[in-house]
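Residue strings, one per chain:
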Amino acid sequence: MSSVSERPQVVAHAQQALNYTLFDCKWVPRSARFLCLGSAARGTGVLQLYELRGGRLALLREIEKPKPIKCGTFGATSLQQRYLATGDFGGNLNIWNLEAPETPVYSVKGHKEIINSIDGVGGLGIGEGAPEIVTGSRDGTVKVWDPRQKDIPVANMEPAEGESKRDCWTVAFGNAYNQEERVVCAGYDNGDIKLFDLKTMSLRWETSIKNGVCSVEFDRKDVIMNKLVATSLEGKFHVFDMRTQHPTKGFASVSEKAQKSTIWQVRHLPQNRDIFMTSGGAGSLYLWKYEYPAQRSRKDSAGAEMGVAGSVSLLQNVTLSTQPISSLDWSPDKKGLCVCGAFDQTVRVLIVTKLNKV
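Here the structure is a predicted model, which is why all the values come from computation and not from measurement.

**Student:** How should I be thinking about the overall build of the chain in this particular structure?
**Tutor:** In terms of helices and strands, the chain carries 0 helices and 30 strands. Relative to a compact globule of 358 residues, whose C-alpha radius of gyration would be 21 Å, the chain shows 19 Å and is just as compact. Taking the principal axes of its C-alpha atoms as reference, the chain extends roughly 60 × 55 × 35 Å. Looking at the chain as a whole, 57% of its 358 residues qualify as buried. Partitioning the intrachain contacts of the chain with sequence separation of at least 6 by distance along the chain shows that 50% fall at a separation of at least 24.

Below you can see the structure in the form of structure tokens.
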């Protein structure tokens, strides 16, 4: 471990108390602005746009919507447009132009119940192929949408006939390194993780981590599948090496008991995909680094290739709140700048230092 002075520090730079429940926060690409998405006390949706001005946060805009907003992504839009896609408590997928947010530029009743999680790819110059949005819902389905195609999803992953529906808590795109390849990973309330191959429209892999899966994220969406982190209800996270898939054992993984409580989210540093942050139920953030093994694969006794998991080390941790930190987003442009939202109804902008030294 490096000396204390060399270790990254997590510094609370600015914060703002809110009068509503905050579910998600997102940096607006190529700007010093970010969005807060949530639910007002009277049961409506709130969308606030803030700008970082020195050490303070300036509220630029506040918009009320009929249904509480659970999640958002910029991932399927161009850098010129920077449209925000959101999922709400009514199961609606909406896409907003933040310059004229009164009515959505795209809207579809995507699910029968709340949309818990959303991700986008193919926009912002990240990931090859079509601009697509994936939504995961309490209704048990995971759907992929192309905003250029009205009303119907381009893919729909739902429980098989007779299978009980599980609440889908988290979804993420990956493997979008050329025009043909793309996968969606989904995590469910019973600990199931499923990897859907959108090229072959089939289930490529599944496993269970025995406990509700709160967040999944690939280290990068626009490279050949490399690593996947999955976080769970009981304070554990798992890093899967996605480079080598064994015919029966699947992917090699390492797990870490990080916190005593739920790990709500994982977010990889955009500028270094071997560093990631997890946010916890006890109001804490943990910064991790993944170390690759000397060899990433080996042959088993039958001669089949199998992956070898690496290890994770803790770089830093900090407690910011008495309530869970439920959302977290790195700035895509400024290394070490991030925003997080907690159930203490506060949004915080943080600066993580010394990231180029780890």
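What follows picks up the thread again.
**Student:** Looking at this structure, I do not really get the pattern of salt bridges. What am I missing?
**Tutor:** Pairing between side chains becomes possible if they bear opposite charge and their charged atoms approach one another. According to the stated counting rule, one finds 20 salt bridges in the structure shown. A salt bridge links K26 to D24, with the nearest nitrogen and oxygen atoms 3.4 Å apart. The class of K26 is buried, set by a relative accessible area of 10%. Given the relative accessible area of 5%, D24 is considered buried. A salt bridge links K165 to E113; its shortest N-O distance comes to 2.8 Å. Of this pair, K165 sits in the loop between β13 (155–157) and β14 (168–174) while E113 is found in the loop between β9 (106–109) and β10 (115–121), placing the two residues 52 residues apart along the sequence. Shared partners join several salt bridges into a network, and the residues in it are D219, K227, R273 and D274.

**Student:** What's the story with the sheet that holds strand β21 (residues 250–257) in this structure? I'm lost.
**Tutor:** Where strands meet in a sheet, backbone hydrogen bonds hold them as pairs that are either parallel or antiparallel. If you trace the 4 strands from one edge of the open sheet to the other, you get β18-β19-β20-β21, paired in antiparallel fashion. Both outer strands of the open sheet, β18 (213–218) and β21, are each paired with one neighbouring strand and no more. Each strand of the sheet is rotated relative to its neighbour by a mean of 20°, with strand direction disregarded. The pairing of strand β19 (residues 227–232) with strand β20 (residues 236–246) spans 5 bridges and is antiparallel. Residue pairing in the sheet places T231 in a bridge with F237 of β20.

**Student:** I keep staring at the packing of aromatic side chains and nothing clicks. Help me out?
**Tutor:** In this description, a pair of aromatic rings is defined by centroid distance and the angle of the planes. If you walk through the whole model with that rule in mind, you get 10 aromatic pairs. With 5.2 Å between their ring centres and 85° between their planes, W264 and F343 make a pair best called edge-to-face. Of the two residues, W264 is situated in strand β22 (residues 263–269) and F343 in the loop between β29 (337–342) and β30 (346–352); the sequence distance between them amounts to 79 residues. Plain terms: the ring middles of Y286 and W288 are 6.0 Å apart, the flat faces sit at 15° to each other, and that makes the pair stacked. Residue classification places Y286 among the buried positions, given a relative accessible area of 16%. Three or more aromatic residues joined by ring pairs make a cluster, and in this case those are F237, F276, Y286 and W288. Positioned above the aromatic ring of F23, the side-chain terminus of K70 is 5.9 Å from the ring centre. Its end group placed over the ring of Y106, K150 keeps NZ or CZ at 4.8 Å from the ring centre.

**Student:** Can you help me understand the pairing of β20 in this one?
**Tutor:** Side-chain positions along a regular strand alternate between the two faces of the sheet. The buried count for β20 comes to 8 of 11 residues, which makes it a mostly enclosed element. Taken together, β19 and the strand that follows it, β20, pair antiparallel across an intervening segment of 3 residues, in which G235 is found at a positive phi of about 80°. When β20 meets β21, the two strands line up antiparallel, connected through 7 bridges. By the bridge assignment, F240 is partnered in β21 with S253. Here β20 folds back onto β21 in antiparallel fashion, the turn holding 3 residues.

**Student:** Looking at this structure, how should I read the sheet that holds strand β23 (residues 272–280)?
**Tutor:** The strand order across the open sheet formed by 4 strands is β22-β23-β24-β27, and the pairing between neighbours is antiparallel. The open sheet has two edge strands, β22 and β27 (311–319), and neither has a second partner. Each strand axis lies, on average, 25° off the axis of its neighbour in the sheet, ignoring direction. Where strand β24 (residues 284–291) meets β27, 8 bridges bridge the pair, whose relative direction is antiparallel. Pairing of K289 across the sheet is with S313, part of β27.

**Student:** What is the right way to look at unusual backbone geometry in this model?
**Tutor:** Among all residues save glycine, negative phi is the norm, and among peptide bonds the norm is trans. At R82, a position not held by glycine, the phi torsion is positive, near 50°. For R82, the location among the structural elements is in the loop between β6 (69–73) and β7 (84–88). A positive phi angle, near 70°, is found at D151, a position not held by glycine. Relative to the assigned elements, D151 resides in the loop between β12 (142–145) and β13.

**Student:** Can you help me understand the UniProt feature "repeat: WD" (unreviewed entry) in the chain in this one?
**Tutor:** The UniProt feature table records "repeat: WD" (unreviewed entry) at residues 133–146. Overall, residues 133–146 shows 0% helix and 64% strand. The separation of its end C-alpha atoms is 6 Å.

**Student:** Sorry if this is basic, but what is going on with the environment of S279 here?
**Tutor:** In this structure, S279 sits in strand β23. For the pair S279 and T231, spaced 48 residues apart in sequence, the C-alpha to C-alpha distance is 9.6 Å. The contact partners of S279, leaving out residues within four places of it in the chain, are Q259, T262, I263, W264, Q265, S284, L285, I325 and L328. From its side chain, S279 meets the backbone oxygen of I325 in a polar contact 2.8 Å long.

So, how was this worked out
- Residues numbered from 1 in each chain as written.
- Predicted model: local features only at pLDDT ≥ 70, side-chain atom pairs only at ≥ 80, totals over all residues.
- Heavy atoms only, no water.
- Helix = DSSP H or I, 4+ residues; strand = E, 2+ residues; numbered from the N terminus.
- Rg over C-alpha atoms; globule rule 2.2 N^0.38 Å.
- Buried < 20%, exposed > 50% of the residue type's maximum accessible area, 1.4 Å probe, protein only.
- Contact = heavy atoms within 4.5 Å.
- Salt bridge = Lys/Arg side-chain N within 4 Å of Asp/Glu carboxyl O.
- Pairing = 2+ DSSP bridges.
- Axes fitted to C-alpha atoms, helices over the stretch in contact; angles between N-to-C directions.
- Phe/Tyr/Trp six-rings, centres within 6.5 Å; stacked < 30°, edge-to-face > 60°.
- Lys NZ or Arg CZ within 6 Å of the ring centre and 35° of its normal.
- UniProt positions renumbered as here; feature names shortened; annotations may be inferred.
- Polar contact = N/O pair within 3.5 Å; in protein donor to acceptor, adjacent residues only side chain to side chain.

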